[in-house]
Amino acid sequence: MRRHLRPLLFTALAASCGMAFAASGGQVPTGRLPSWAVPQSYRIAFKVDPAQADFSGTTTIKVKLAKASDHVWLDGASLTVSKATVTDAAGKTNVAKYVEADPKAGVARVDFGSTLPAGAITLQFHYTAPLNAQLQGLYKVTDKGQPYAMTQMEPISARFAFPGFDEPGFKTPFEISITLPDHDVAVANTRQVSDKPAGKGWKTVSFAQTLPLPTYLVAFAVGPWDITPTAKISPDAYRSKPLPLRGIAAAGEAHRMSQVLSETPSIIHALENYYGFGYPWDKLDLLAAPDFAAGAMENPGLVTFRDWLLLLDKDSPARDVRDAFNDTAHELAHQWTGDTVTLAWWNDIWLNEAFATWMQQKVTMEVHPEYRADLDRVLGAQGAMANDSLLSARKIRQPITGNGDIMTAFDGITYQKGASVIAMFENYVGDKTFQKGMRAYIQAHKFGNANADDLVDAIATAAGKGEAFKHAFKSFLDQSGVPYVQTALEQKGGQTVLALKQSRYLPLGSHGDSRRIWGIPVCVRYGTAGGSQVACTMIDKAAGSLPLPGASAHTWVMPNANAAGYYRFSLDKGELAALTAEVAKLSDTEQLAYADAIHASFEHGDLDAGQVLAALKPLTGSKTRQVATAPLGQLEWIYRHVARTAAQRARIADWVKAAYLPKLEALGYQRKPGELEDDSLLRSTLAGALGLDFKLPEVRAELLKQGEAALRKNANGRLNLAAANPDLLGDALGVAVQMQGKSAVDALIAELPRTSDPALRNGILGGLARVEDPALAEQVRDFAISKPVKVGEMASLLRAGRDTRAQRDALWGWFTGHYRQVLARTGSFAGGYLPMLAGGGGCSLAEAQRLQSFFKPRMNDAAGIARGLAQTTESIELCSALAARQNPASITR
């Protein structure tokens, strides 16, 4: 599953920690289901009319009992079971009793009426259930007035669609049939094998039996879908038959999928070549969902995406085009890690998501090297470090205590930290050796399950490594935190040596214990008379050293060569000055590592704001977009939280203007024929930052022109949104909203329900999110929880407007007054994100305290609130501590 922050649903989730236990006897399972009842296969017949509020189903499950029992435990939520039966191994059928034992967790008990011996049984359930309104299970969406029904089962929402054993360790074949209105279309994981009349106005469509799948990968969709003609992905050395490929979208939209479909074959071939294992499913459909909880979902044979990731044309924003490729590569990488080999339990979700993230970056570097996925890896890891620096951070392999821990595991620790750790150990053993281990892992566990030990053992075997290597790898999986490598140059025996010390990185204000040890593969770049060299070592104790052959006593060092390691580093002032003088000669990845080191030193209390400004200045001259813009986030924090006077804010604005305005003016504010995609992305980044974050008048004036043009009505009474550069639409409308006020807000609110194009909807939402006037901000928040705003779009409005304490106070008042409405619209899937939505961005102890006071009595309202509250509170407290430490005068020093 691919997470996305644009527009954001509640997918940036966080959880609580502990161990999972299966129940025995009459105790309701609070974690894993008992292992003595194992499903062998499913046959499910659904009856679905997307125009109705409910659907019905008949689920038949063959189960193997490892011991005699008078009951089984399974999962089911919001299902009204009208009839349940159990058939024993002799073929005798009896009525069974289905009871939701824990409705909140979705756990049910099926009583047989008598004790059945160990062996095979068959369970059958006839039931009805509502089409979910919160984008989970089998849910309902509407596009252009037409209803659709589709599924999102991961992580634990299959139980809303059918009773079953809703855990990843239970992989079985599925046979699915769907009875639906004659005028609708049905698609599922596998190819359609029959289409038969089923009474007046109805038909029944059946699909081929799947290969073994867990419940969370079962997928289907019903509605007036538009489907492209079937294309074929050519066979190769690992797949003997052509692979059917189709695009599926809401009515009239499938023609816009040509860009993504044309890129898909190169992704499939790259993945097959890497794993030495052909795509195993019988078809590949890509579906553009009108509303969706995540960015995308890797269902085998039927991969689902947010519509703006697939519906592209010549006017699509450049970031959408790039995101489309990256997200497609991520989901298709899952066809091997996640779908072919599936995690045994949710504590190993990193085996799915971290590997798909890492593999997507490899595929992108192969197919589109200009996208610079190597820099995405570094920036993703650095983003994860912000969360991983918290005492409340999750581990990559976080123990599971209940549903909250499962549903909140899809975060930056799992995805970006996990991918960075994988890449670090790949760099350590060598990419060909790592590939050999991955191929062995896939072959050993294909169509089954695996855990972390299986993966680490496969890599260790391929590399000829023993327990020390395994321990080092697992030291990053089984404990939270960011390693902090402190360095010092020394002379020993006439040789230059770099002394190394490791601890846990803890920012200013943290009350944690920094004593923690990892097995860290450390590589250092350093200067010599002939240029630069790299030396590497494994540090698995609190202190170590690394000889630097050919280095002088006063050489410069970059302690994270190629930014290959998941760790932060610090240098003393002399070493930092020496590295700053050489920073332009470093690789792009290393320059990003340097930027993070400055950021880490600032948050550690070692550098003040003025020193940060000086240290980051050299990066702005880079010709690489990601490097040149790396300082912007740190500068904005200083602008918001350190600058107190007009002179101090002007100093930062002047710094930003000198560094970036010439670049933006050289690019201009409109697309140029044939310009590089990276130029479009740079223009978008700079225009948004300079015009809306730092409010440079020159930039705001240009954006306002486009925003005003977009707000002018055409002859048909619709806004002329096409008048703005599509890459800048949201920013242009944002400036217009700030300058024109209510007339602009009213116009955009009126336009959104009339707009189906997902990129234009994102632009409208982006503009509304920039409102500053308190009364208008209230109006936008009220609009966010109304029907015209999709569930998946809601948070893009609610997370806005929190730059100042006054804005956050207004948001707090609104949120606490509308909490039940927000909760009811998003359900328990939002639990871990709710505290951040309410209080994220806070920077005072009072804000932290009110957040605790509000949510502590509401911890059971939704799964995941506990960790979300802990992390948001800690972030606010750390921001407060850092802000209190600052000397604003350093800005103008």
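Residues take numbers from 1 onward in each chain, read along the sequence in its written order. Totals for whole chains, interfaces and linings use all residues, but because this is a predicted model, local features are given only for residues with pLDDT of at least 70 and pairs of side-chain atoms are given and counted only at 80 or more. Heavy atoms throughout the structure, all of them, feed into the side-chain values; hydrogens and water do not.

Q: Describe in detail the overall build of the protein, supporting the description with residues and values.
A: Secondary structure assignment for the protein yields 27 helices and 30 strands. In terms of overall dimensions, the protein has C-alpha extents of about 85 × 75 × 55 Å along its principal axes. Out of the 893 residues belonging to the protein, those deemed buried represent 62%. For the protein, the exposed area adds up to about 31,100 Å²; of that, 53% sits on carbon and sulfur atoms. Per the convention used, a helix needs a DSSP run of H or I reaching at least four residues, while a strand needs a run of E reaching at least two, with both numbered from the N terminus. The classification of residues rests on relative accessible area computed with a 1.4 Å probe and restricted to protein chains. Under 20% of the type maximum is buried, over 50% is exposed, and intermediate values are partly exposed. To measure how exposed things are, a 1.4 Å probe is used in the Shrake-Rupley method; for residues, cover is taken only from the protein chains shown.

Q: Help me get a handle on unusual backbone geometry, residues and values and all.
A: Omega for the peptide link from Glu 154 to Pro 155 comes to 0 degrees, which places this bond in the cis form. Mapped onto the secondary structure, Pro 155 falls in the loop between strand E10 (146-152) and strand E11 (174-181). Residues other than glycine seldom take positive phi values, yet Phe 447 does so here, at roughly 65 degrees. Position of Phe 447 relative to the elements: it lies in the loop between helix H8 (431-445) and strand E23 (448-450). The exposure class of Phe 447 is partly exposed, given its relative accessible area of 27%. Look at Asn 562: it is not a glycine, yet its phi comes out positive at around 60 degrees. The topology assignment puts Asn 562 in the loop between strand E29 (557-558) and strand E30 (568-570).

Q: Got a sec to walk through the state of the cysteines? Specific residues and values, please.
A: Cysteine sulfurs are considered disulfide-paired once they come within 2.5 Å of each other. Enumeration over the complete set of coordinates arrives at 2 disulfides. Shown here is the disulfide that connects Cys 523 with Cys 536, its sulfur atoms set 2.1 Å apart. Across the S-S bond of Cys 523 and Cys 536 the torsion is about 110 degrees, and the bridge reads as right-handed. With Cys 523 in strand E26 (residues 520-528) and Cys 536 in strand E27 (residues 531-539), this pair connects stretches of sequence that are 13 residues apart. By relative accessible area, which is 12% here, Cys 523 ends up buried. By sequence-ordered numbering of the bonded cysteines, the protein has its disulfides arranged as 1-2, 3-4.

Q: Which residues make up the packing of helix H12 (residues 588-604) against helix H13 (residues 609-616), and what values go with them?
A: Note on geometry: axes are C-alpha line fits, over the in-contact stretch for helices, and angles between N-to-C directions span 0 to 180 degrees. Between H12 and H13, the least distance of the axes is 10 Å, while the angle of their chain directions is 175 degrees. When the interaxial angle is binned, H12 and H13 end up roughly antiparallel. Contacts between H12 and H13 involve Tyr 594, Ala 595, Ile 598 and Phe 602 on the former and, on the latter, Ala 609, Val 612, Ala 615 and Leu 616. Per-class residue counts for the contact of H12 with H13 are 8 nonpolar, no polar and no charged. Angles below 35 degrees are treated as roughly parallel, those above 145 as roughly antiparallel, those between 65 and 115 as roughly perpendicular, and all remaining angles as oblique. Contacts were defined at the residue level, with two residues in contact if any of their heavy atoms lie within 4.5 Å. We call Asp, Glu, Lys and Arg charged. Ala, Val, Leu, Ile, Met, Phe, Trp, Tyr, Cys and Pro are nonpolar, and the rest, Gly among them, are polar.

Q: How would you summarise the packing of aromatic side chains if you had to cite specific residues and measurements?
A: What counts as a ring pair is set by centres within 6.5 Å for rings of Phe, Tyr and Trp (its six-membered ring), and what kind of pair is set by the plane angle: stacked under 30 degrees, edge-to-face over 60, tilted for all other angles. Going through the model one piece at a time under the given rule, you end up with 38 aromatic pairs. A centroid spacing of 6.3 Å and a plane angle of 55 degrees characterise the contact between Phe 277 and Phe 447, whose relative ring orientation is tilted. Pair noted here: Phe 277 is in the loop between helix H1 (258-275) and strand E19 (284-289) and Phe 447 is in the loop between H8 and E23, with a separation of 170 residues, a long-range link. The buried category is assigned to Phe 277, whose relative accessible area is 10%. Judged by centre distance (6.2 Å) and plane angle (85 degrees), the rings of Phe 469 and Phe 473 are edge-to-face. Here Phe 469 and its partner Phe 473 are both found in helix H10 (residues 467-477), 4 residues apart, which amounts to about one turn of the helix. You can call Phe 469 buried: its relative accessible area is 5%. Consider the ring centre and the ring normal. A charge sits over the ring if Lys NZ or Arg CZ is within 6 Å of that centre and within 35 degrees of that normal. Here Lys 47 stacks its cationic end above the ring of Trp 202, 4.4 Å away from the centre of that ring. The ring of Phe 854 carries the charged tip of Arg 858 above its face, separated from the ring centre by 3.8 Å.

Q: Provide a residue-level description of the pairing of E26, including the pertinent values.
A: Extensive coverage of E26 is indicated by the burial of 9 of its 9 residues. Burial along E26 is two-sided: Ile 520, Val 522, Val 524, Tyr 526 and Thr 528 facing one way and Pro 521, Cys 523, Arg 525 and Gly 527 facing the other are all buried. For two strands to be treated as a pair, DSSP must find at least two bridges joining them. The pairing of E26 with E27 spans 9 bridges and is antiparallel. In the strand pairing of E27, Cys 523 is matched with Cys 536. By the bridge criterion, 2 bridges tie E26 to E29 in an arrangement that is antiparallel.

Q: Give a detailed account of the sheet that holds strand E5 (residues 93-95), specifying residues and quantitative values.
A: Pairing is mixed in the open sheet, where 8 strands are placed in the order E5-E4-E8-E2-E1-E11-E14-E13. Strands at the two margins of the open sheet, each flanked by one partner only, are E5 and strand E13 (192-197). In this sheet, neighbouring strand axes are inclined to one another by 20 degrees on average, regardless of whether the strands run parallel or antiparallel.

Q: Could you give me a rundown of the nonpolar core, with the residues and numbers involved?
A: Residue types Ala, Val, Leu, Ile, Met, Phe, Trp, Tyr and Cys, when buried and joined through side-chain atoms within 4.5 Å, form a set referred to as a nonpolar core. In terms of nonpolar packing, the biggest core is built from 256 residues, with Phe 162, Trp 350 and Trp 358 touching the most fellow members. Here this core gets 9 residues from one element, more than from any other, and that element is helix H16 (residues 646-667). Not counting residues within four places of it along the chain, the set of residues in contact with Trp 358 comprises Tyr 274, Tyr 275, Ala 419, Ile 422, Ala 423, Glu 426, Phe 434 and Met 438. With 33 residues, the next largest nonpolar core counts Ile 156, Trp 225, Leu 287 and Ala 294 among its residues.

Q: Before we move on, can you summarise the pattern of salt bridges with the specific residues and values?
A: Note on pairing: side chains with opposite charge can pair once their charged atoms come close. Here a salt bridge means any side-chain nitrogen of Lys or Arg lying within 4 Å of a carboxyl oxygen belonging to Asp or Glu. Applying the stated criterion across every chain, the model contains 49 salt bridges. A salt bridge links Asp 453 to Lys 474, with the nearest nitrogen and oxygen atoms 2.7 Å apart. Pair noted here: Asp 453 is in helix H9 (residues 452-463) and Lys 474 is in helix H10, with a separation of 21 residues, a long-range link. Taken together, the shared-partner salt bridges in this structure form one network comprising Lys 144, Glu 253, Arg 256, Asp 313 and Asp 757.

Q: Summarise the sheet that holds strand E9 (residues 137-143); cite the residues concerned and give the values.
A: Read across the open sheet, the 4 strands follow the order E9-E10-E15-E12; overall the sheet is antiparallel. On the outer flanks of this sheet lie E9 and strand E12 (185-188), each paired with one strand and no other. On average, each strand axis in the sheet is inclined to that of its neighbour by 15 degrees, with strand direction left out of account. Here 7 bridges tie E9 to E10, and the two strands are oriented antiparallel to one another. Within the sheet, the bridge partner assigned to Leu 138 lies in E10 and is Thr 151.

Q: So what's going on with H1? Which residues, and what values?
A: Helical geometry: 3.6 residues make up each α-helical turn, so side chains three or four residues apart lie on a common side. In this model H1 runs 27 Å from its N-terminal to its C-terminal C-alpha over 18 residues, within 8% of the 26 Å that 1.5 Å per residue would give. A bend of about 30 degrees at Thr 264 is the largest found in H1, and the proline Pro 265 appears one to four places after it. Listed in full, the buried residues belonging to H1 are Val 260, Leu 261, Glu 263, Thr 264, Ile 267, Ile 268, His 269, Ala 270, Leu 271, Glu 272, Tyr 274 and Tyr 275. By this rule, a helix spans an expected 1.5 Å times one less than how many residues it contains. We define the bend at each residue as the angle formed by axes fitted to the 7 residues ending at it and the 7 residues starting at it.

Q: Please give an account of the packing of H13 against helix H15 (residues 632-641) that cites residues and values.
A: Any two packed helices are characterised by the angle at which their axes cross and by the distance between the axes. Orientation of H13 relative to H15, taken along the N-to-C sense of each, is 155 degrees, at an axis distance of 11 Å. In terms of their interaxial angle, H13 and H15 are classed as roughly antiparallel. Read as a crossing pair, H13 and H15 show a hand that is left-handed. Facing Ala 609, Val 612, Leu 613 and Leu 616 of H13, the residues of H15 in contact are Gln 634, Leu 635 and Ile 638. Class assignment for the residues of the contact of H13 with H15 results in 6 nonpolar, 1 polar and no charged. Handedness of a crossing is defined here by the sense of rotation of the near helix relative to the far one, left-handed for an anticlockwise turn of less than a right angle and right-handed for a clockwise turn.

Q: A description of helix H24 (residues 805-826) should follow, citing residues and the corresponding values.
A: Look at H24: only 27 Å from first C-alpha to last across 22 residues, short of the 32 Å you get at 1.5 Å a residue. By the largest-angle criterion, His 818 marks the main kink of H24, which is about 65 degrees. Every buried residue of H24 is accounted for by Gln 807, Arg 808, Leu 811, Trp 812, Trp 814, Phe 815, His 818, Tyr 819, Val 822, Leu 823, Arg 825 and Thr 826. Buried residues in H24 make contact with helix H22 (774-784), helix H23 (794-798), helix H25 (834-839), helix H26 (845-855) and helix H27 (865-885).

Q: Describe the side chain of Glu 847, and please don't skip the residues or the numbers.
A: Mapped onto the secondary structure, Glu 847 falls in helix H26. With relative accessibility at 4%, the residue Glu 847 sits in the buried group.

Q: Give me the lowdown on the confidence of the model for the protein, citing residues and values where you can.
A: Confidence per residue, as judged by the predictor, is encoded in pLDDT with a range of 0 to 100. Mean pLDDT for the protein: 95, with 97% of residues reaching 70 or above. Every residue in residues 5-24 is under pLDDT 50, and counting partners more than four places away or in other chains gives 94 contacts.

Q: A description of the environment of Ala 237 should follow, citing residues and the corresponding values.
A: Within the secondary structure, Ala 237 is located in the loop between strand E17 (231-233) and strand E18 (243-249). Its relative accessible area of 73% is what places Ala 237 among the exposed residues. The spatial distance from the C-alpha of Ala 237 to the C-alpha of Lys 283 is 18 Å, given a sequence separation of 46 residues.

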